[in-house]
Amino acid sequence: MSVRAEQYAAEVISREQLSPHLVRVVLDVPAFASTGIPDEWVGLVVPGQFQSRYYTVRSAVPHGEAFRLTLDIVVHDTGLVTEWAARQEIVGETVTITEPKGSFEQPADAGWLMLVGDLTALPAMARIASEASVPTRIWAEVPDVDELAGYLPDSADVTWTAGSGEGLAATVEGLEWPEGEGYFWMAGESSQMRSIRKHLMRERRLSSHAYDVMGYWRVSTGRQPRAVDPGPVYRAGKAAGLTDEQIWQNYDEAAER
Ligand SMILES: Cc1cc2nc3c(=O)[nH]c(=O)nc-3n(C[C@H](O)[C@H](O)[C@H](O)COP(=O)(O)OP(=O)(O)OC[C@H]3O[C@@H](n4cnc5c(N)ncnc54)[C@H](O)[C@@H]3O)c2cc1C
């Protein structure tokens, strides 16, 4: 079985600076089939590069014969996509995206949602919350709290903290959990996510179906040598009957090799 994802050419329609660290890039893609999963992501290859980086589809709406995709890209110190997205002149350029994939899987009996993440997780948390049918609480740790205060939907009960995500493990350890069954979703820096998974498994004793914790980026020095596409790891894991928890552990290990 081939695990190579489909690729699509996409044109950059607009670029908007949402906050000092977040840039909105809107793309037109002639062929795009959303998974409908609210944390779906695509691989993005920018001009002159062949490596991809992964970005959440903040929204995908039909536009004429194309689809209009919104990606919200964190611009940090240095990085392949960071350096591209930081430029004003990207409008009109052609990029490549890969077919979307998602991992959010809320159990049918979940009566509430808890979402926790750093700035890279904000687009997914916004889309999940805007499509949620149960009471939703969000803890967002971002460097630009003032500028992003209106980013998340009013329907969610949001706690903002200023930071780059380094406080997320402590946030999760201090959470008061609602009564009854629910679903916990979280994303951020990989080593933090690993310690949070251990906490959820060992201290909270959550069933693996009750949570999804994803490492979205890794602390390293300089440009990452390569990013590992979560899509094939996810598909292979699902085909092998692994839980999301096992799949994301495999992903973290693959990304560190
Ligand atoms: C499923 C999935 C969905 C994602 N969705 C989004 C999204 O919607 N928006 C978004 O911005 N990111 C998202 N990410 C994270 C994004 O793919 C990474 O942050 C990616 O490494 C950024 O690429 P780059 O080319 O800018 O930097 P790279 O070339 O990958 O890295 C360069 C340097 O920057 C550091 N670095 C990488 N990311 C960050 C960061 N966020 N903050 C600080 N330092 C960093 C690295 O440690 C490295 O030293 C997602 C990741 C996954 C797996």
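Residues numbered from 1 in each chain as written. Predicted model: local features only at pLDDT ≥ 70, side-chain atom pairs only at ≥ 80, totals over all residues.

**Some thoughts on the overall build of the protein chain**
- Helix and strand counts for the protein chain stand at seven helices and 12 strands.
- Relative to the compact-globule value of 18 Å for 257 residues, the protein chain shows a C-alpha radius of gyration of 17 Å, a close match.
- Considering only C-alpha atoms, the protein chain reaches an extent of 50 × 45 × 40 Å along its principal axes.
- Pairs at least 24 apart in sequence give 66% of the contacts found in the protein chain among residues at least 6 apart. (Helix = DSSP H or I, 4+ residues; strand = E, 2+ residues; numbered from the N terminus. Rg over C-alpha atoms; globule rule 2.2 N^0.38 Å. Contact = placed C-beta atoms within 7 Å.)

**Looking at the site of the ligand**
- The environment of the ligand is formed by 27 residues, the closest being Thr-56, Val-74, Gly-79, Thr-82 and Trp-217.
- Residues belonging to the shell around the ligand are distributed by class as follows: 13 nonpolar, 10 polar and four charged.
- Here the shell around the ligand spans two domains, since at least three of its residues come from each of domain 1 (8–98) and domain 2 (113–256). (Near = placed C-beta within 6 Å. Nonpolar A, V, L, I, M, F, W, Y, C, P; charged D, E, K, R; others polar. Domains from an automatic or database assignment.)

**With respect to helix α6 (residues 230–239)**
- Buried residues of α6: Pro-230, Gly-231, Val-233, Tyr-234 and Gly-237, and no others. Buried residues in α6, looked at end-on, bunch into an arc of 165°, giving them a common side. (Buried ≥ 20, exposed ≤ 12 C-beta atoms within 10 Å, placed from the backbone. Arc of directions from axis to C-beta.)

**Remarks on the sheet that holds strand β7 (residues 94–98)**
- The antiparallel open sheet is built from seven strands, whose spatial order is β4-β3-β7-β1-β2-β6-β5. The open sheet has two edge strands, β4 (53–56) and β5 (59–63), and neither has a second partner. This sheet shows a mean twist of 40° between the axes of neighbouring strands, independent of strand direction.
- Where strand β3 (residues 41–45) meets β7, two bridges bridge the pair, whose relative direction is antiparallel. Note on β7: the bridge partner recorded for Val-45 is Thr-96. (Pairing = 2+ DSSP bridges. Axes fitted to C-alpha atoms, helices over the stretch in contact; angles between N-to-C directions.)

**With respect to the domain arrangement of the protein chain**
- Along its sequence, the protein chain is organised into domain 1 (8–98) and domain 2 (113–256).
- Taking only C-alpha atoms, the centre of domain 1 and the centre of domain 2 are 21 Å apart.
- Of the residues lining the interface, 20 residues belong to domain 1; the matching set on domain 2 comes to 20 residues.
- In terms of residue count, the dominant contributor to the side of domain 1 that touches domain 2 is β4 (three residues).
- Taken together, the residues of the side of domain 1 that touches domain 2 sort by class into six nonpolar, 10 polar and four charged.

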